[in-house]
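Next come the chains, spelled out residue by residue.
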Amino acid sequence: MLTEITPMIAFASENAPVALHWFRNDLRLRDNPALTEAARFGAVVPVWIDDTTIPPNEAPGAAYRWWTRRSLVALDDALKGNLRFFRGDPSVLLPDLVRRYGVRRVTWTEAHEPCVRARDTLLATSLTELGVEVVRRNGSLLWNPETIAKPDGTPYRVFTPFFQKGCLAAPSPRTPLPAPDLTLIPRAASEPGVEPAPEAEWERKLGTQWTIGEAAAHTRLDAFLANGLAGYASGRDFPARPHTSRLSPYLAHGEISPNTLWYAVAGRASARDVAKFRTELAWREFAHYLLVHFPQMVTEPFRPEFTAFPWEEDEALCRRWQRGETGIPIVDAAMRALWRTGYLHNRLRMVVASFLTKNLLLHWRVGEAWFRDTLVDYTLASNVASWQWVAGCGADAAPYFRIFNPVLQAEKFDPDGSFIATYLPELAKLPTPARFAPWTASEATREAAGLFLGKNYPQPIVSLVASRARALAAYARIKAST
Ligand code: FAD
């Protein structure tokens, strides 16, 4: 598979009709339907706006933004240095740019965050009033959420019928488009371009973990097709195995499209592996679908009875969770992996989210905010829907009373303890079963491994048994009151 992006790029003559493509969640040239519409129209002005108007609970956090900055450099390289970089309110900037460049068509890829959607609708109207044709395309989802509904016209609330009866019964996803040949309006030296920004130490460290940009996304996909997809269905739950694609940050920034993935896996592994991978892509679809149809879920529980849930507030406990200092090894290893890499395996996201919301009884929004700030693949829809799902208050959620036991989860999904040893070197010398629950090992075993509980690794901050019982009691109370 080609890992290079090879569109033909030329520069516009005067009097060519001008289109402006506003890059947002689509930092790629290949399979970019909105960009293709711009290219078809005439000469293109490619623009990025660092949007300062997104409210904090919808805005991506630091790790995501770090990735974006590097991705823009890669995109700008592919556009031969012609990407314009602005910061501010798109509703003010875009009409200005339309006048400045004599733009007659503006194109962008649809976004799904509630505030952005509302703003986009108003912006499209005001641009149309300026005599500009606005072309918005779905470039980040396999199925447009507006086109999938139950037979009675209402939105699905449960994943399996959404996917089986809604998506799979609808027309197949669009097959991927090639990168369009682009005629560009050259960027004048006086116009703001993309500059690599100086990076803090944590950003440089993250940079050692990832290669960023559209070409890197395709390289990652090729590696996954060669070494990960076969065995995906049975291997995807084991964090130390190579069966998950780690393509989520590339999808989150639109460096690769879900359509490209959907079709790339066809025939590349057993039908079971391919179907399982596509089902995971469909979970991403479901999260966006829910956000479009139930935008209140950004802050409110999907299941209203959870409004009365007695979440606790405890900043000290929350910090211990964030720093990976809970004394529960799989939770701590996961939280340190998240901090170090900006990424966390799905199984571990579920384990740490369950621990926060059930064993610590802290609000899912606290965890959602931390993930928002630390994940390079942060996606409002997937993050909110998944946090609510684990907490038990979401659509099609895991029943609240199903509380993960993190020790059993570690035994099952990190059976040789290698994930724990990678991120908690202080436990690496313990024999495997003791790595899952060091407080159960004899003092002699711990000392022989150089482990001193309460000194170089914490005692558990909660009793797993007692905190489970407390969570179940809290749930029983809201159940009784509704
Ligand atoms: P793969 O197993 O290779 O799956 C391929 C793609 O399918 C992923 O890249 C992703 O786009 C999609 N996908 C897989 N599982 C899920 C899922 N459960 N829900 C939605 N989409 C899925 N994913 C994000 O992209 N951004 C988030 O902010 C995010 N927050 C999460 C928070 C919690 C509490 C939990 C439990 C899950 C969250 N997820 C989120 C979903 C999932 O964990 C990641 O998408 C997945 O781990 C990414 O790794 P991968 O690319 O190797 O996945």
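As the structure is a computational prediction, the values presented were derived from the model and not from experiment.

The rules behind the values
- Residues numbered from 1 in each chain as written.
- Predicted model: local features only at pLDDT ≥ 70, side-chain atom pairs only at ≥ 80, totals over all residues.
- Core = buried A, V, L, I, M, F, W, Y, C linked by C-beta atoms within 7 Å.
- Buried ≥ 20, exposed ≤ 12 C-beta atoms within 10 Å, placed from the backbone.
- Helix = DSSP H or I, 4+ residues; strand = E, 2+ residues; numbered from the N terminus.
- Contact = placed C-beta atoms within 7 Å.
- Expected span 1.5 Å × (residues − 1).
- UniProt positions renumbered as here; feature names shortened; annotations may be inferred.
- Near = placed C-beta within 6 Å.
- Nonpolar A, V, L, I, M, F, W, Y, C, P; charged D, E, K, R; others polar.
- Arc of directions from axis to C-beta.
- Domains from an automatic or database assignment.
- Axes fitted to C-alpha atoms, helices over the stretch in contact; angles between N-to-C directions.
- Left-handed = near helix turned anticlockwise from the far one by under 90°.
- Parallel < 35°, antiparallel > 145°, perpendicular 65-115°, else oblique.
- Pairing = 2+ DSSP bridges.
- Right-handed = clockwise from strand over helix to strand, strands pointing away.
- pLDDT = per-residue confidence, 0-100.

**Q** Please clarify how the nonpolar core should be interpreted in this entry.
**A** Soluble globular proteins: nonpolar side chains tend toward being buried together. Residues Val106, Ala334, Val352 and Ile420 are the most contacted members of the largest nonpolar core, which totals 130 residues. With nine residues, the single largest contributor to this core is helix H11 (residues 271–293). Residues in contact with Val106, not counting those within four places in the same chain, are Leu20, Trp22, Leu94, Val98, Leu127, Val132 and Val134.

**Q** Help me out: how do you make sense of unusual backbone geometry in this one?
**A** What is expected of a backbone is that most residues other than glycine have negative phi and most peptide bonds are trans. Here Asp31, not a glycine, exhibits a phi torsion of approximately 45 degrees, which is positive. Positive phi is not limited to glycine here, since Lys80 has a value of about 55 degrees. Mapped onto the fold, Lys80 is located in the loop between helix H2 (62–78) and strand E4 (84–88).

**Q** What's the story with helix H16 (residues 380–391) in this structure? I'm lost.
**A** One turn of the α-helix equals 3.6 residues, which is why residues spaced by three or four share an orientation. Its 12 residues give H16 an end-to-end C-alpha distance of 16 Å, which sits within 8% of 16 Å, the value for a rise of 1.5 Å per residue. Of the positions making up H16, those classed as buried are Leu380, Ala381, Ser382, Asn383, Val384, Ala385, Ser386, Trp387, Gln388, Trp389, Val390 and Ala391. Contact partners of the buried residues in H16: H11, helix H14 (346–359) and helix H15 (364–374). Downstream of H16 by a residue or two, Gly392 has a phi angle that is positive, lying close to 95 degrees.

**Q** Sorry, what's going on with the UniProt feature "site: Electron transfer via tryptophanyl radical" (unreviewed entry) in the protein chain here?
**A** In the numbering used here, UniProt assigns the "site: Electron transfer via tryptophanyl radical" (unreviewed entry) feature to Trp311, Trp364 and Trp387. Of the residues just listed, which span 77 residues, no C-alpha pair is farther apart than 14.2 Å, and they cluster in one region. Of note, Trp311 is situated in the loop between H11 and helix H12 (315–323). For Trp311, a count of 15 C-beta atoms within 10 Å puts it in the partly exposed group. Residues within four places of Trp311 in sequence aside, it is in contact with Leu361, Leu362 and His363. In this structure, Trp364 sits in helix H15.

**Q** Looking at this structure, how should I read the UniProt feature "binding site: FAD" (unreviewed entry) in the protein chain?
**A** Under the UniProt annotation, "binding site: FAD" (unreviewed entry) lies at Tyr232, Thr244, Ser245, Arg246, Leu247, Ser248 and Phe277. Among the secondary structure elements, Ser245 is positioned in the loop between helix H8 (232–235) and helix H9 (248–252). Apart from residues no more than four positions distant in its own chain, Ser245 is found in contact with Phe224 and Gly228. Apart from the residues lying within four places of it in its own chain, the contact partners of Phe277 are Leu229, Tyr232 and Val265.

**Q** Explain the site of the ligand to me, please; I cannot follow it from the model alone.
**A** Among the 28 residues in the neighbourhood of the ligand, the closest are listed as Thr244, Ser245, Ser248, Asn383 and Ser386. Looking at the shell around the ligand residue by residue, the class counts come to 13 nonpolar, nine polar and six charged.

**Q** Can you help me understand helix H3 (residues 90–101) in this one?
**A** Across its 12 residues, H3 extends 16 Å between first and last C-alpha, which sits within 8% of the 16 Å expected from 1.5 Å per residue. Listed as buried for H3 are Pro90, Leu94 and Val98. Buried residues in H3, looked at end-on, bunch into an arc of 70 degrees, giving them a common side. Exposed side of H3, more than 90 degrees from the buried face: Val92, Asp96, Arg99 and Arg100 are the residues found there. Gly102, located one to two residues past H3, shows a positive phi value of around 65 degrees.

**Q** Looking at this model, I keep getting lost on the domain arrangement of the protein chain. Mind explaining?
**A** By convention, interface size is frequently given as the accessible area that disappears when the constituent parts associate. Taken domain by domain, the protein chain comprises domain 1 (18–139), domain 2 (141–178 + 212–293) and domain 3 (304–481). With nine residues of domain 1 at the interface, the matching set in domain 3 holds nine residues. Classifying every residue of the side of domain 1 that touches domain 3 gives five nonpolar, two polar and two charged.

**Q** Teacher, can you tell me more about the packing of helix H13 (residues 329–341) against H14 here?
**A** A pair of packed helices can be characterised by two numbers: the angle between their axes and the separation between those axes. Viewed as axis vectors pointing N to C, H13 and H14 meet at an angle of 115 degrees, and their least axial separation amounts to 9 Å. In this structure, H13 crosses over H14, and the sense of that crossing is left-handed. Contacts between H13 and H14 involve Ile330, Val331, Ala334 and Met335 from the former and Leu348, Val351, Val352 and Phe355 from the latter.

**Q** Would you mind showing me how to read the packing of H13 against helix H17 (residues 406–413) here?
**A** With their axes 8 Å apart at the nearest point, H13 and H17 run at an angle of 70 degrees to one another. As far as their axial angle goes, H17 and H13 are roughly perpendicular. Facing Pro329, Ile330 and Val331 of H13, the residues of H17 in contact are Pro406, Gln409 and Ala410. In terms of residue class, the contact of H13 with H17 is built from five nonpolar, one polar and no charged.

**Q** Help me understand the pairing of E4, please; the structure alone is not making it clear to me.
**A** As a general feature of sheets, a regular strand has side chains that alternate between the two faces. Bridge analysis of strand E3 (residues 43–51) against E4 gives five bridges, and the strand direction is parallel. Bridge pairing links Trp48 to Phe85 in E4. Once the chain exits E3 it traverses H2 before rejoining the sheet at E4, and the crossover so formed is right-handed.

**Q** Sorry if this is basic, but what is going on with the confidence of the model for the protein chain here?
**A** Any residue range with low pLDDT should be treated as having predicted coordinates unsuitable for detailed reading. Scored by pLDDT, the protein chain comes out at a mean of 95, with 98% of its residues at no less than 70. In the predicted assembly, ipTM is 1.00 and pTM is 0.97.

**Q** Help me understand the pairing of strand E2 (residues 18–23) in this model?
**A** Burial of E2 is extensive: six of the six residues sit out of reach of the surface. Both faces of E2 are covered, namely the face carrying Val18, Leu20 and Trp22 and the face carrying Ala19, His21 and Phe23. Note that E2 and E3 share six bridges and pair parallel. The residue of E3 that forms the bridge with Ala19 is Val44. Relative to strand E5 (residues 103–109), E2 is paired through five bridges, and the arrangement is parallel. For Leu20, the partnering residue across the bridge sits in E5 and is Val106.

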